[in-house]
Amino acid sequence: MLSGGMNDALSIARDLVRCPSVTPADAGALGVLEKALGAAGFEVHRVTFSEPGAADVDNLYARIGDAAPHLSFAGHTDVVPPGDEAAWTHGAFAGEVRDGFLYGRGAVDMKGGIACSVAAVLEYLKDNGGQPKGSISFLITGDEEAIAVNGTIKLLQWVAARGEKFGHCVLGEPSNVETLGDCIKVGRRGSLSGTLYVDGIQGHVAYPHRASNPVPDISRLIVVLSDEPLDHGSAQFQASNLEFTSVDVGNTAGNVIPGQARAKFNIRFNDLHNQESLRTLVEARLTKATGNRIKARIVWEPSNANVFVTRPGAFTDLAVAAIEEVTGRKPELSTSGGTSDARFIASYCPVIEFGLVGQTMHAIDERTPVSDLEKLTRIYRGVLDRYFG
Ligand SMILES: [Zn+2]
């Protein structure tokens, strides 16, 4: 399968890595996919999205077939910056293969994963008369690593506006922790941020009775809000967590009691909450802790990171079977880690994340074993055969 054809996973991955597509640049990356998928009979759309204050970003949607079931492979071709390029053993955008590893920014996050899904689909089509028993699509964005406003969220809306429906989706993010086959992500916690403000009365440190110092008060509130658990975890999730990330007074004078203190925090929450219930819960705890004395309030930041989970069932079962067949491992169904574009996809169809091993993502010398590219291609092929079989 990796014996040197144009459409094997390694060739596609190298072509993609050689495009320095640091967000929001495309640098030819989507063109690599457009060419490969177009040649296989996909209807390929290139869509550019705009947002005031953000750079325009290119996206790609490609589909073959018009019947159900509809399996979609999702991913992003943008990458994080290479950092100090001189520190790389092999060029960050050279696509070099050494000692059985493909080096380069995006090798695991996630150009390698996209390459494997494209290679698997092309092979599946070749073996099935060029047409799927249903539909296959690719949802590929160039806006995941940065602010993610001109990417998957809009591409999904664009596809839905065409009247198209998704059946299931595989997002090829590097889900595995140590070894290919150890982990499928079936959900992600939500993320919600806010700032706690405590108002005091500014004054001279020598006359504290004329002032009200917000520093001890905000300290007490931080302890109260940090100490009481939000929950104790759910069937598929670890416990939710509220974490304070900064405390600021902005006071440069040693003889002034400040008039205000503020503290930023972030909550990673599981499926026992939604954003509204969480805001209500935290504000009730705050009100209880402040009593009538402390003047405190929370300003919440808008968030598009809701919790989601894909329940175990036929779709996760077929993915597990495909992974076990190739790797001999039974993957954990995990909901740990940060957010991903799966949170947007989950509003349209069940989604799982399975890709390469994440160990070197975003690091100097990002790399993947070439053998993992081959195995992941076989796993995706196994998913296709089972899904349409
Ligand atoms: Zn990624």
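Residues numbered from 1 in each chain as written. Predicted model: local features only at pLDDT ≥ 70, side-chain atom pairs only at ≥ 80, totals over all residues. Heavy atoms only, no water.

As a further point, take the coordination of the zinc ion. Octahedral six-donor coordination of a metal ideally yields angles of 90 or 180 degrees, compared with 109.5 degrees for tetrahedral four-donor coordination. Looking at the zinc ion, one finds its protein donor set to be H76 (NE2), D109 (OD), E173 (OE) and E173 (OE), positioned 1.9 to 2.8 Å from the metal centre. Geometry at the zinc ion is irregular, judged from the four donor atoms that bind it and their angles of 51 to 142° at the metal. Counting residues between consecutive donors of the zinc ion along the chain gives the motif H-x32-D-x63-E. Of this pair, H76 sits in strand β3 (residues 70-76) while E173 is found in the loop between β7 (168-171) and β8 (183-185), placing the two residues 97 residues apart along the sequence. H76 gets classed as buried once you look at its relative accessible area, which sits at 0%. (Donors = N, O, S within 2.8 Å, 3.2 Å for Na, K, Ca; no water. Tetrahedral: all angles 85-135°; square planar, octahedral: opposite > 155°, others 65-115°. Helix = DSSP H or I, 4+ residues; strand = E, 2+ residues; numbered from the N terminus. Buried < 20%, exposed > 50% of the residue type's maximum accessible area, 1.4 Å probe, protein only.)

Attention shifts here to the layout of surface pockets. Considered as a void within the structure, the largest pocket measures approximately 410 Å³ in volume. Along the walls of the largest pocket sit 24 residues, with E144, E173, R188, T339 and M361 positioned nearest its centre. Its residues placed into classes, the lining of the largest pocket shows six nonpolar, 10 polar and eight charged. (1 Å grid on protein atoms, 1.4 Å probe; cavity = no way out; pocket = protein on both sides within 12 Å on 5 of 7 lines; lining within 4 Å. Points joined across faces, edges and corners; volume = space filled by probe spheres on them. Nonpolar A, V, L, I, M, F, W, Y, C, P; charged D, E, K, R; others polar.)

In space, the three strands of this open sheet follow the order β4-β5-β19, with antiparallel pairing throughout. With one partner strand each, in any of the chains shown, β4 (97-98) and β19 (367-369) form the two edges of the open sheet. In terms of strand pairing, β4 meets strand β5 (residues 101-103) through two bridges, oriented antiparallel. The residue bridging R98 from the neighbouring strand is F101, located in β5. (Pairing = 2+ DSSP bridges.)

Mapped onto the secondary structure, H45 falls in strand β1 (residues 43-51). For H45, a relative accessible area of 17% corresponds to the buried category. Here the side chain of H45 touches E43 through a polar contact of 3.1 Å, side chain to side chain. Each residue touching H45, except ones within four places of it in the same chain, is listed here: N59, L60, Y61, W158 and R162. (Polar contact = N/O pair within 3.5 Å; in protein donor to acceptor, adjacent residues only side chain to side chain. Contact = heavy atoms within 4.5 Å.)

Next up on the list: the packing of helix α1 (residues 9-17) against helix α9 (residues 370-388). The geometry of α1 relative to α9 is characterised by a closest axis approach of 9 Å and an angle of 115° between their N-to-C directions. Considering only the axes of α1 and α9, their crossing is right-handed. Across from A9, L10 and A13 in α1, the residues of α9 making contact are V370, L373 and T377. (Axes fitted to C-alpha atoms, helices over the stretch in contact; angles between N-to-C directions. Left-handed = near helix turned anticlockwise from the far one by under 90°.)

Strand order in the open sheet formed by four strands is β12-β14-β10-β15, with antiparallel pairing between adjacent strands. Only two strands of the sheet have a single partner each, and these edge strands are β12 (241-248) and β15 (295-300). Going across the sheet, the axis of each strand differs from the next one's by a mean of 25°, ignoring polarity. Pairing analysis gives 10 bridges linking strand β10 (residues 190-199) to strand β14 (residues 260-269), with the strands arranged antiparallel. Directly across from L192, in β14, lies its bridge partner I267.

Here the focus is the environment of I298. Looking at the element boundaries, I298 is found in strand β15. Taking relative accessible area as the criterion, I298 reaches 11% and is therefore assigned buried. Once the C-alpha coordinates of I298 and A235 are considered, the two residues, 63 residues apart in sequence, prove to be 30 Å apart. Those residues in contact with I298 that lie beyond four places of it in its chain are T195, L196, F265, V282, E283 and L286.

Following A68, the chain continues into P69 via a peptide bond in cis, with omega recorded as -5°. Relative to the helices and strands, P69 is located in the loop between β2 (54-64) and β3. The amide bond that connects D109 to the next residue, M110, takes the cis arrangement and shows omega of -10°. Positive phi values are uncommon outside glycine, yet A27 reaches one of about 55°. Considering the arrangement of structural elements, one finds A27 in the loop between α1 and α2 (29-39). The residue A148 is not glycine, and still its phi comes out positive at about 55°. Mapped onto the elements, A148 comes out in the loop between β6 (135-141) and α4 (152-161).

Nothing here speaks to function; it is geometry throughout.
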